[in-house]
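# Examination of the molecular architecture
Listed below, chain by chain, are the residues.
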Amino acid sequence: MPNLVGVAGALLLMALLLRFQARRLRDLTVAYRKLEVANSELEQMARTDGLTRVPNRACFEETLKKEWDRGIRSGEPMAIILADIDEFKRYNDLCGHPAGDRCLHLVAEALSGCIYRAGDLLARYGGEEFVALLPGTDLQGASEVAQRMLAKVADLRLPHPASKVAPHVTVSLGVAARLATS
């Protein structure tokens, strides 16, 4: 009988250990999932401009490389639109940095509203510069997007008392398109 009690005790101890290990494994699995979510959020934050909430230059450069490689394989054209807010330094100096930040955010929102396709990307390129990457788009298509961008920014009617260009915030755009080559 004492041997049976010892076996029963050992089995009970093993059951408790297994239960403890199962709980620990479940806790580790939950912690791992939380870590994956946090990593994903951190990665997204690292690819997004904090002020304008559009992708940043690093994201643009990474996407450009991928899309260029895809363009080489597909033989499709690729277009880029570079947008620069006119007289932005004067705007910032006269209206103040909070107003400048608001201007950047509103312009980014307006430009983003002109990008319709899932593969297209608008990113903040520099201080007051934005870049649109339009894979599979020729010069005519990119020019149409650029016209929409000009109109959307003009529709904001953000007063710009220091501008020599217009009484409101405007952007200058450069448009280019070509076939990707290796």
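One can find the structure itself at the top, above this paragraph.
The following refers to the structure shown.

The rules behind these values
- Residues numbered from 1 in each chain as written.
- Predicted model: local features only at pLDDT ≥ 70, side-chain atom pairs only at ≥ 80, totals over all residues.
- Heavy atoms only, no water.
- Core = buried A, V, L, I, M, F, W, Y, C linked by side-chain atoms within 4.5 Å.
- Buried < 20%, exposed > 50% of the residue type's maximum accessible area, 1.4 Å probe, protein only.
- Helix = DSSP H or I, 4+ residues; strand = E, 2+ residues; numbered from the N terminus.
- Contact = heavy atoms within 4.5 Å.
- Salt bridge = Lys/Arg side-chain N within 4 Å of Asp/Glu carboxyl O.
- Pairing = 2+ DSSP bridges.
- Axes fitted to C-alpha atoms, helices over the stretch in contact; angles between N-to-C directions.

Our next topic: the nonpolar core. Proteins that are soluble and globular tend to have nonpolar side chains buried together. Membership of the largest hydrophobic core comes to 28 residues, with the highest contact counts inside it found for Ile-85, Cys-103, Val-107, Leu-111, Leu-122, Phe-130 and Met-149. For this core, the elements supplying multiple residues, two or more each, are strand 1 (77-85), helix 3 (88-95), helix 4 (97-112), strand 3 (129-135) and helix 5 (139-156). It is helix 4 that provides the largest number of residues to this core, a total of seven residues. The residues touching Leu-122, leaving out its near neighbours within four places in the chain, are Val-54, Pro-55, Ala-108, Leu-111, Ser-112, Ile-115, Phe-130, Val-131, Ala-132 and Met-149. In this structure, Phe-60, Leu-121, Val-131 and Leu-133 belong to the second largest nonpolar core, which totals six residues.

Overall, the coordinates contain nine salt bridges when judged by the stated rule. In this structure, Asp-69 engages Lys-65 in a salt bridge whose closest nitrogen and oxygen atoms are separated by 3.0 Å. Here Asp-69 and its partner Lys-65 are both found in helix 2 (residues 57-74), four residues apart, which amounts to about one turn of the helix. On the basis of relative accessible area, Asp-69 is assigned to the partly exposed category, the value being 30%. Residue Asp-120 pairs with Arg-117 through a salt bridge whose shortest N-O separation is 2.7 Å.

Strand pairing in a sheet is mediated by backbone hydrogen bonds. Such pairs are either parallel or antiparallel. Taken together, four strands build an open sheet; the order of strands is 2-3-1-4 and the sheet is antiparallel. Strands with a single pairing partner mark the edges of an open sheet, and in this sheet they are strand 2 (121-124) and strand 4 (171-179). Averaged over neighbouring strand pairs, the angle between their axes works out to 15° when direction is ignored. Bridge count between strand 1 and strand 4: nine bridges; the pairing is antiparallel. Counted as the bridge partner of Ile-81 is Val-175 from strand 4. Sitting on the sheet, helix 5 is in contact with strand 1, strand 2, strand 3 and strand 4, with an inclination near 165° to strand 4.

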